[in-house]
Amino acid sequence: EGTFLPKNITSIVASNKLDRIISLNQSFGGASLSISQFDGTKKSQVWQSLFGEWSVSWPNDNLVTLTTKPSSTNDGLMYTLKPKTGVTERVLGDIVGLTTLTKPDGTGLIYGSTVAQNISLFYKDLIKNTGAFLTENTLPEKCVWSKKNTDTLYCAVPRVIPISNYPETWYQGLVSFSDNLLKINTKTGAIDMLIDPTVEAGQAIDGIKLSLYDKENYLIFIN
């Protein structure tokens, strides 16, 4: 047995406790964000916008992030949303090709930017409102935050990034990477090589959808 959710939903994200979902509903008038049970009941709208193209994440119960879908020719914006109050705050703006990945505890994030047809990766501390450039360049979509150590980031990092219009050419599959898997400490800047897939697996890996097993003794990804 199943239940149909409303039409025109463009994005669904589950809560960390897997007890609720947040859904983005797109229409000609923009977009709205609602929280409900998995079967669509107990639904409440928490946010709406005249702009419809958003990427949504739900790092923890008290924080939702909204980032405009990226383009190598347009500036992006990111907002945080407190779902209980509906209060939004602009965190990032005027950044070309903006994509983001927020820490599970909501204290910081990494974000990618398109600079001269290349990718640059940055860290932003949301408590101190400070930022830093990370020496290893990759897309936030190729990373995952540790929950055990909130300063630790695991990423699939391309050896070489060809000149192109990022991130859309990578999204479209026109550009593919050969990655190393790295462990990055955003507080100290320390970088540890975990694996070179061309050596260990005998093939190039373009890693996406990174996740960590509960005890963080396994790093899982899709090539």
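Notes on the structure follow. This one's a predicted model, so the numbers in the text were calculated from it and none came from an experiment.

A few words now on empty space enclosed by the protein. Counted according to the given criterion, the structure contains two cavities of 30 Å³ or more. The volume enclosed by the largest cavity comes to roughly 40 Å³. Split into classes, the residues belonging to the lining of the largest cavity amount to four nonpolar, three polar and one charged. Here the second largest cavity defines a volume of roughly 30 Å³.

Bringing the environment of Gln 37 into the picture now. Take Gln 37: it is sitting in the loop between β3 (30-36) and β4 (44-49). A residue is classified by how much of its surface remains accessible, and Gln 37, at 28% relative accessible area, is partly exposed. Along the chain, Gln 37 and Lys 69 lie 32 residues apart, while their C-alpha atoms are 26 Å from each other. Residue contacts for Gln 37: discarding those within four places in its chain leaves Asp 19, Arg 20, Ile 21 and Lys 42.

This paragraph deals with the sheet that holds strand β11 (residues 118-125). Taken in spatial order, the four strands line up as β9-β10-β11-β12 in an open sheet, and their pairing is antiparallel. The open sheet has two free edges, formed respectively by β9 (99-102) and β12 (130-134), since each of these has just one partner strand. Between one strand and the next, the sheet's axes are offset by a mean angle of 25°, whatever the strand orientation. Bridge analysis of strand β10 (residues 108-115) against β11 gives eight bridges, and the strand direction is antiparallel. Each residue of the ladder has a partner; that of Ile 110, found in β11, is Tyr 123.

About the thresholds
- Residues numbered from 1 in each chain as written.
- Predicted model: local features only at pLDDT ≥ 70, side-chain atom pairs only at ≥ 80, totals over all residues.
- Heavy atoms only, no water.
- 1 Å grid on protein atoms, 1.4 Å probe; cavity = no way out; pocket = protein on both sides within 12 Å on 5 of 7 lines; lining within 4 Å.
- Points joined across faces, edges and corners; volume = space filled by probe spheres on them.
- Nonpolar A, V, L, I, M, F, W, Y, C, P; charged D, E, K, R; others polar.
- Helix = DSSP H or I, 4+ residues; strand = E, 2+ residues; numbered from the N terminus.
- Buried < 20%, exposed > 50% of the residue type's maximum accessible area, 1.4 Å probe, protein only.
- Contact = heavy atoms within 4.5 Å.
- Pairing = 2+ DSSP bridges.
- Axes fitted to C-alpha atoms, helices over the stretch in contact; angles between N-to-C directions.

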